[in-house]
Amino acid sequence: MDQIIVEGGKRLAGEVVISGAKNAALPILASSLLTDGQNTYSNVPALKDIESILVLLSHLGSRIESNYPFIRIDAAGLNNYDAPYDLVRKMRASILVLGPLLARMKRAKVSLPGGCAIGARPINLHLKGLSLLGAEIELQHGYVEARADRLRGNEIFFDVSTVTGTENLMMAAVLAEGTTVLRNAAREPEVVALAEVLKKMGAKISGDGTSVVTIEGVPSLSPVSVSILPDRIEAGTFMIASALTGGNVVVKHCEPEHLGALIHKLRQTGAEIEIGRDRLTVCGADEIISVDVKTLPYPGFATDMQAQFMVLMCVANGQSVISETIFENRFIHVSELRRMGADITVSGNTAMVRGVPHMSGAPVMATDLRASASLILAGLVAHGQTEISRVYHLDRGYESIERKFAGLGAAIRRVRG
Ligand code: EPZ
């Protein structure tokens, strides 16, 4: 297995170009199932998770042409509604084919996605919503079997705001009979990006980006040609890296509008941030001020930025309380950061981070996608060398991350294992 080696102590400087967002591309590529023609997508990131969903869509009968960042998908030949365990287990977001398959094929058999390192990740709200649209749902042998001669619009209230739950239900409702109202819907930019693509396909959706989304069912949808929005989590990761190293980094091809919570928090820590139309310039301060953070659904502070921000607090000048309110087990990176000299105490879903003068490089292990990124960040400021193993977690969600960091002056390299 590959390793990434980082030598600490370099201030980052220069420009980095952000790739398309994994968490927007996944539902948008799944939405191709709703059409019987050729869809073309640009700015698609070359990631393991994208490969996984393309393999699944091909298994279902779609014709795929991939030449990153361009992807073509023609779902006219859809001839299968079975998403098997050996494909779904590789990427739990495969559950995003459930809604569109049911809408297009009237049937779907999708392996139940297991949990993952950060939590149980149930899909009960996806299934409850589909039942309310008239689907018959059976759970057996580790699969969800759903069928519906005709989905009918209904009122659906999500007990908790769920990103892929909102996306699955939007994709099921666009071809349903009548009106569907999703209440307590997720407001993430990736949900809005999917809604915009569906509207371009001919769907009638309003309220996307708010907590009440209304969908008027239509008889059919047409293929589209769209570009994937920039990845706000990748952008945020590089913003934090600049603040962490006292650097001066221009983060290009991003949507500053989607990074409000992080901009606000980074400014509180003393970083200077200049906001452009499609870029952000982040200048790190000599002294990093400790601040408290609580993860919340968008537009609150993103849970996917929690591990990265924790590293910044590890070398700040005081104490920081970090509360993780979205997932029940998203402090796995703490033990690895402790091995690098961080002073962190965890109690339930709260971590108390006491800043230390410096961290020290060490062999560490990646455990989940965003925690892996936090280990690279820690390596950037640690004294000595950090060897990160199990970097396949990183490759799921960051395109050429070590090349991008090296382009900013980091002493970082990948050792093929
Ligand atoms: C999406 O996951 C993202 N993944 C995650 O990014 C992200 O961390 C998460 O949203 C929160 O922003 C994709 O978009 C592919 P949720 P998702 O449903 O949709 C509970 C990354 O690193 N819940 O919004 O699975 C759930 O347990 C990944 O790119 C239920 O209880 O997250 C959690 O506590 C990690 N029942 C909360 O809701 C359900 O049916 C939010 O989860 C669904 C969710």
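A quick note: this is a predicted structure, and the numbers were derived from the prediction, not measured.

Trainee: Tell me about the overall build of the chain, and please be specific about residues and values.
Mentor: In terms of helices and strands, the chain carries 14 helices and 26 strands. Relative to the globule expectation of 22 Å for 417 residues, the C-alpha radius of gyration of the chain, 21 Å, shows essentially globular dimensions. Projected onto its principal axes, the C-alpha positions of the chain cover 65 × 45 × 40 Å. For the chain, with 417 residues in total, the buried portion stands at 58%. Nonlocal contacts in the chain, meaning residues at least 24 apart in sequence, comprise 72% of its contacts between residues at least 6 apart. In the structure as shown, the chain presents an accessible area of about 15,800 Å², 48% of it carried by carbon and sulfur atoms.

Trainee: Which residues make up the domain arrangement of the chain, and what are the values?
Mentor: You can read the domains of the chain as domain 1 (3-19 + 230-415) and domain 2 (22-227). Computed over C-alpha atoms, the centres of domain 1 and domain 2 are 31 Å apart. The interface is formed by 23 residues belonging to domain 1 together with 19 residues belonging to domain 2. Buried surface at the junction of domain 1 and domain 2, both sides included, amounts to about 1,700 Å², of which 54% is carbon and sulfur. Sorting the residues of domain 1 by area buried against domain 2 places Tyr298, Arg396 and Glu399 first, and these three jointly supply 31% of that buried surface. Viewed at the interface, domain 2 and domain 1 are joined by two salt bridges. Our enumeration of links across domain 1 and domain 2 arrives at eight residue pairs in polar contact (both at pLDDT 80 or more). With three residues, helix H13 (residues 392-397) is the largest single contributor of residues to the side of domain 1 that touches domain 2. Among the residues forming the side of domain 1 that touches domain 2, the class breakdown is eight nonpolar, five polar and 10 charged.

Trainee: Residue-level account of the packing of helix H4 (residues 98-105) against helix H6 (residues 163-173), with values.
Mentor: Following both chains from N to C, one finds H4 and H6 inclined at 10°, their axes separated by 7 Å at the closest point. Our classification of the angle between H4 and H6 gives roughly parallel. For the pair H4 and H6, the contacting residues are Leu98, Gly99, Pro100 and Ala103 in the first and Asn168, Met171 and Ala172 in the second. Split by residue class, the contact of H4 with H6 holds five nonpolar, two polar and no charged.

Trainee: An account of the sheet that holds strand S21 (residues 350-354) is needed here, citing residue identities and associated values.
Mentor: A sheet is described by the order of its strands in space; here four strands give the open sequence S18-S19-S21-S20, paired in mixed fashion. On the outer flanks of this sheet lie strand S18 (293-294) and strand S20 (343-347), each paired with one strand and no other. In this structure, S18 lies alongside strand S19 (residues 319-323), joined through two bridges in parallel fashion. Counted as the bridge partner of lysine 294 is serine 323 from S19. Strands in contact with helix H10 (residues 306-314) are S18, S19, S20 and S21; relative to S21, the strand with the most contacts, it is inclined by about 30°.

Trainee: So what's going on with unusual backbone geometry? Residues and values would help.
Mentor: Here the bond from tyrosine 68 into proline 69 is cis, since omega is 5°, no more than 30 degrees from zero. Looking at the secondary structure, you find proline 69 in the loop between strand S4 (63-67) and strand S5 (70-74). That bond from tyrosine 298 to proline 299 is cis: its omega, 10°, falls within 30 degrees of zero. By the secondary structure assignment, proline 299 is in the loop between S18 and H10.

Trainee: Any details on helix H2 (residues 48-59)? Residues and values, ideally.
Mentor: Between the first and last C-alpha of H2 there are 17 Å, a value that for 12 residues agrees with the 16 Å anticipated at 1.5 Å per step. Taken together, the buried positions of H2 are Asp49, Ile50, Ser52, Ile53, Leu54, Leu56 and Leu57. Elements in contact with the buried residues of H2: helix H1 (22-30), S4, S5, strand S6 (82-83), helix H3 (85-88) and H13. Glycine 61 lies just past H2 and shows a positive phi near 115°.

Trainee: Quick rundown of the layout of surface pockets? Include the residues and the values.
Mentor: Considered as a void within the structure, the second largest pocket measures approximately 320 Å³ in volume. What lines the second largest pocket is a set of 17 residues, and nearest its centre among them are Leu244, Thr245, Ile288, Val315 and Val381.

Trainee: Lay out the pairing of strand S25 (residues 385-389) with the relevant residues and their values.
Mentor: Buried residues dominate S25, accounting for four of its five residues. Bridge analysis of strand S1 (residues 3-7) against S25 gives four bridges, and the strand direction is antiparallel. Looking across to S25, one finds that glutamate 7 is bridged to glutamine 385.

Trainee: Describe the sheet that holds strand S7 (residues 107-111), naming the residues involved and giving the relevant values.
Mentor: If you trace the four strands from one edge of the open sheet to the other, you get S6-S7-S9-S8, paired in mixed fashion. The open sheet has two edge strands, S6 and strand S8 (136-140), and neither has a second partner. Direction of pairing for S8 relative to strand S9 (residues 143-147): antiparallel, over a ladder of five bridges. Counterpart to glutamine 140 in the pairing with S9 is tyrosine 143. Sheet contacts for H4: S7 and S9; angle to S7, the most-contacted strand, approximately 155°.

Trainee: Can you tell me about the side chain of serine 290, naming the residues and giving the values?
Mentor: Along the polypeptide, serine 290 turns up in the loop between strand S17 (279-283) and S18. Engagement of the side chain of serine 290 in a polar contact is seen with the backbone nitrogen of glycine 318, the distance being 2.7 Å. Sequence-distant contacts of serine 290, defined by excluding residues within four places in its chain, comprise Met313, Ala316, Asn317, Gly318, Gln319 and Ser320.

Calculation rules
- Residues numbered from 1 in each chain as written.
- Predicted model: local features only at pLDDT ≥ 70, side-chain atom pairs only at ≥ 80, totals over all residues.
- Heavy atoms only, no water.
- Helix = DSSP H or I, 4+ residues; strand = E, 2+ residues; numbered from the N terminus.
- Rg over C-alpha atoms; globule rule 2.2 N^0.38 Å.
- Buried < 20%, exposed > 50% of the residue type's maximum accessible area, 1.4 Å probe, protein only.
- Contact = heavy atoms within 4.5 Å.
- Areas by Shrake-Rupley, 256 points an atom, 1.4 Å probe, with all protein chains shown as cover.
- Domains from an automatic or database assignment.
- Buried area = accessible area lost by both parts, 1.4 Å probe.
- Salt bridge = Lys/Arg side-chain N within 4 Å of Asp/Glu carboxyl O.
- Polar contact = N/O pair within 3.5 Å; in protein donor to acceptor, adjacent residues only side chain to side chain.
- Nonpolar A, V, L, I, M, F, W, Y, C, P; charged D, E, K, R; others polar.
- Axes fitted to C-alpha atoms, helices over the stretch in contact; angles between N-to-C directions.
- Parallel < 35°, antiparallel > 145°, perpendicular 65-115°, else oblique.
- Pairing = 2+ DSSP bridges.
- Expected span 1.5 Å × (residues − 1).
- 1 Å grid on protein atoms, 1.4 Å probe; cavity = no way out; pocket = protein on both sides within 12 Å on 5 of 7 lines; lining within 4 Å.
- Points joined across faces, edges and corners; volume = space filled by probe spheres on them.

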